[in-house]
Amino acid sequence: MTPAERFQAFARTRASLDGAEVTFWWTGDVYSWAPGEPYRRLFGFEGLNVARLVIGEGEEEGAYRLLTREAAFYLDPGSREILETWEDKPVAHVWNDPANQRWRPFPVPATELGDQVCFSLEIPLAYPSPLSVAQYPLNSADDTYRALELFQFFAPTTALTTDAPSVPATMSWTRMSPWLPWMEQGARPGGLTFHCRGRKLTSYEDAPERTRAYIAAHHPEFAHAPEKWTEPNETSWTYFRALHPPR
């Protein structure tokens, strides 16, 4: 594929070129690491992202905007039930609204794997933390937020030869990040690794009933993608700050 064809193939894998809503669901686990300590599986993790791809108005030709909301929940590592507390601390689940992206044509890394194509995205993050150490000594270890997000999207090779606006896909996601703010680990060295896998669903209704019920009871708007572009994006760190404004 040419770079332009690969970009369009990735867009059909991650979303749908006709603007239809696309739901990705994933499940996995969250592990802790710290100097001199064994790795621990602290949480299960399950979530979904509902997205709509639209033409990037006023941007370069071929650009898109991905409008999304993203909800994810920390689970008991054994029972896989949604946690409300951890070590007597309230759990702040992921309610990212919005979690939008601007897509400009770029050479998406792709690897042919027999009957599949894998699109891989490696996203290192480093920016001023919404939670400064001075204001949030229990919740933040650094005034710079640093994390590494590693995505892989897999699509059937034969599906990509069609003109379908959206193709079936599976995905994997790994994230290395600091301790979560609600864990109250302060300046403790170490952090977390998220390790998840999932798939593009036929519809939102194909998500697990427990997940849909929790969303319906708490934030039913997360069953749909946003209708229009807004910014800035919400993250676990900005959401925590909104729940606990600095004094």
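Everything numeric in this text was worked out from a predicted model, so none of it was measured. (Residues numbered from 1 in each chain as written. Predicted model: local features only at pLDDT ≥ 70, side-chain atom pairs only at ≥ 80, totals over all residues. Heavy atoms only, no water.)

**Considering the pairing of strand β2 (residues 40-55)**
Which entries qualify depends on this criterion: A simple rule labels every residue: compare its accessible area, found with a 1.4 Å probe on the protein chains alone, to the largest value its type can have, and call it buried under 20%, exposed over 50%, or partly exposed in between. Numbering of helices and strands runs from the N terminus; a helix is a DSSP stretch of H or I covering at least four residues, while a strand is a stretch of E covering at least two. The rule for pairing is simple: two strands pair if DSSP sees at least two bridges between them.
Burial analysis of β2 places 12 of its 16 residues in the buried class, the great majority of the element. By the bridge criterion, 11 bridges tie strand β1 (residues 22-33) to β2 in an arrangement that is antiparallel. Looking across to β2, one finds that Phe-24 is bridged to Asn-49. From the end of β1 to the start of β2, which pair antiparallel, there are 6 residues, and Gly-36 there has a positive phi angle of about 75°. Pairing of β2 with strand β3 (residues 64-75), which is carried by 12 bridges, proceeds in the antiparallel orientation. Bridge pairing in β3 links Val-50 to Arg-69.

**Brief notes about the state of the cysteines**
Condition: Note on terminology: pairs of cysteine sulfur atoms within 2.5 Å are recorded as disulfides.
Taken as a whole and assessed by the stated rule, the structure comprises 0 disulfides. No disulfide involves Cys-118; its sulfur sits 16 Å from the nearest other cysteine sulfur, which is in Cys-196. Taking relative accessible area as the criterion, Cys-196 reaches 1% and is therefore assigned buried.

**With respect to the side chain of Lys-200**
Selection rule: For the purpose of charge, His is not counted, nor are the chain termini; Lys and Arg are scored as positive and Asp and Glu as negative. Salt bridge, as used here: a side-chain nitrogen of Lys or Arg that lies within 4 Å of a carboxyl oxygen of Asp or Glu. Pairs of residues are marked as contacts when any of their non-hydrogen atoms sit within 4.5 Å.
Position of Lys-200 among the secondary structure elements: in strand β12 (residues 191-200). Asp-18 is the oppositely charged side chain nearest to the buried, salt-bridge-free Lys-200, at an N-O distance of 9.1 Å. Contact partners of Lys-200, with chain neighbours within four places excluded, come to Arg-12, Thr-13, Arg-14, Ala-15, Val-22, Thr-23, Phe-24, Ser-166, Val-167 and Ala-169.

**Focus on the nonpolar core**
Just so we agree on the cut-off: For the purposes of this section, nonpolar cores are sets of buried Ala, Val, Leu, Ile, Met, Phe, Trp, Tyr and Cys residues that join through side-chain atoms within 4.5 Å.
Of all hydrophobic cores here, the largest spans 50 residues; its most connected members are Phe-43, Phe-45, Tyr-74, Trp-182 and Met-183. No other element matches the 5 residues that β2 contributes to this core. With residues near it in sequence (within four places) discarded, Trp-182 still touches Phe-43, Tyr-74, Trp-86, Lys-89, Pro-90, Val-91, Ala-92 and Phe-240. Grouped together as the second largest cluster of nonpolar side chains are 17 residues, Trp-95, Tyr-204, Ala-207 and Tyr-214 included.

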